[in-house]
Amino acid sequence: MAVATWQEGAIDVRIYPDYCGDDGVDVVAPATWGDGTDTFQVKATRKMRSPEQWVAEDEIDKADYFVLCATNAPSRYVEIVGYVPQPVLRSIGTGYLRNGYLLSAEYLSPVKPEHYSPSDVREVMYS
């Protein structure tokens, strides 16, 4: 919800049968440049001091942007640590792991901290 609110987009809540994951897209938002939409894969961690998460090799082509979020109390606070466009993650990477690519705060474009009202978040949830 934090990323959808930040991007003025919609949450993709579809999940594959038997809870085997999703299609790799968590948020769809109006394109930053031009017409159409941008897609976002959101990765979250509870590590607030040195947040990092990884993107599996088979997920890299599924979204336009990858976003790292950190939280220690998801119902009250989520920090959008930063984001990286898919081509950047693929070409220069942020550290390749055996199972994918590392999303680490030091390699991401930062996101200016924002505070949204509950009504802003409800608009995203129910749009």
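Residues numbered from 1 in each chain as written. Predicted model: local features only at pLDDT ≥ 70, side-chain atom pairs only at ≥ 80, totals over all residues. Heavy atoms only, no water.

Digging into the pairing of strand S3 (residues 37-45)
Defined as follows: Note on pairing: DSSP must find at least two bridges between two strands before they are called paired. Helix and strand definitions here come from DSSP, where helices need a minimum of 4 consecutive H or I residues and strands a minimum of 2 consecutive E residues; each element is numbered from the N-terminal end.
Looking at chain direction, strand S2 (residues 27-30) and S3 are connected through 4 bridges and run antiparallel. Within the sheet, the bridge partner assigned to Ala29 lies in S3 and is Asp38. Linking S2 to S3, which pair antiparallel, is a turn of 6 residues; within it Gly34 sits at a positive phi near 75°. Pairing of S3 with strand S5 (residues 65-73), which is carried by 6 bridges, proceeds in the parallel orientation. Residue pairing across strands places Lys43 opposite Leu68, the latter belonging to S5.

Structural notes on the packing of aromatic side chains
The test is simple: Two aromatic rings from Phe, Tyr or Trp, using only the six-membered ring of Trp, form a pair when their centres are within 6.5 Å; if the ring planes differ by under 30 degrees the pair is stacked, by over 60 it is edge-to-face, and anything between is tilted. Three exposure classes are used, based on accessible area relative to the maximum for each residue type with a 1.4 Å probe and protein chains only: buried under 20%, partly exposed in between, and exposed over 50%.
Here the structure, examined in full by the defined rule, presents 4 aromatic pairs. Look at Trp6 and Tyr83: their rings are 5.8 Å apart centre to centre, the planes differ by 50°, and that puts the pair in the tilted class. Note that Trp6 is positioned in helix H1 (residues 2-7) and Tyr83 in strand S6 (residues 77-85), a separation of 77 residues in sequence. On the numbers, 6.1 Å between centres and 65° between planes, the contact of Tyr65 with Tyr83 is edge-to-face. Here the residue Tyr65 occupies a position in strand S5, and Tyr83 occupies one in strand S6, the gap between them amounting to 18 residues. You can call Tyr83 partly exposed: its relative accessible area is 26%.

Structural notes on the pattern of salt bridges
The test is simple: Think of a salt bridge as a Lys or Arg side-chain nitrogen and an Asp or Glu carboxyl oxygen that are within 4 Å of each other.
For the structure shown, the criterion picks out 2 salt bridges. Across the pair Arg90 and Asp61 runs a salt bridge, and its minimum N-O distance is 2.9 Å. With a gap of 29 residues between them, Arg90 in helix H2 (residues 86-91) and Asp61 in the loop between strand S4 (52-56) and S5 connect regions that are remote in the sequence. The exposure class of Arg90 is partly exposed, given its relative accessible area of 33%.

Some details on unusual backbone geometry
The phi angle at Glu8 is positive, at roughly 55°, despite the residue not being glycine. You can see Glu8 is positioned in the loop between H1 and strand S1 (10-11).

Structural notes on the side chain of Thr45
We count it as follows: Contacts: residue pairs with any heavy atoms within 4.5 Å of one another.
Of note, Thr45 is situated in strand S3. Contacts of Thr45, omitting those with residues within four sequence positions, involve Pro51, Glu52, Gln53, Leu68, Cys69, Ala70 and Thr71.

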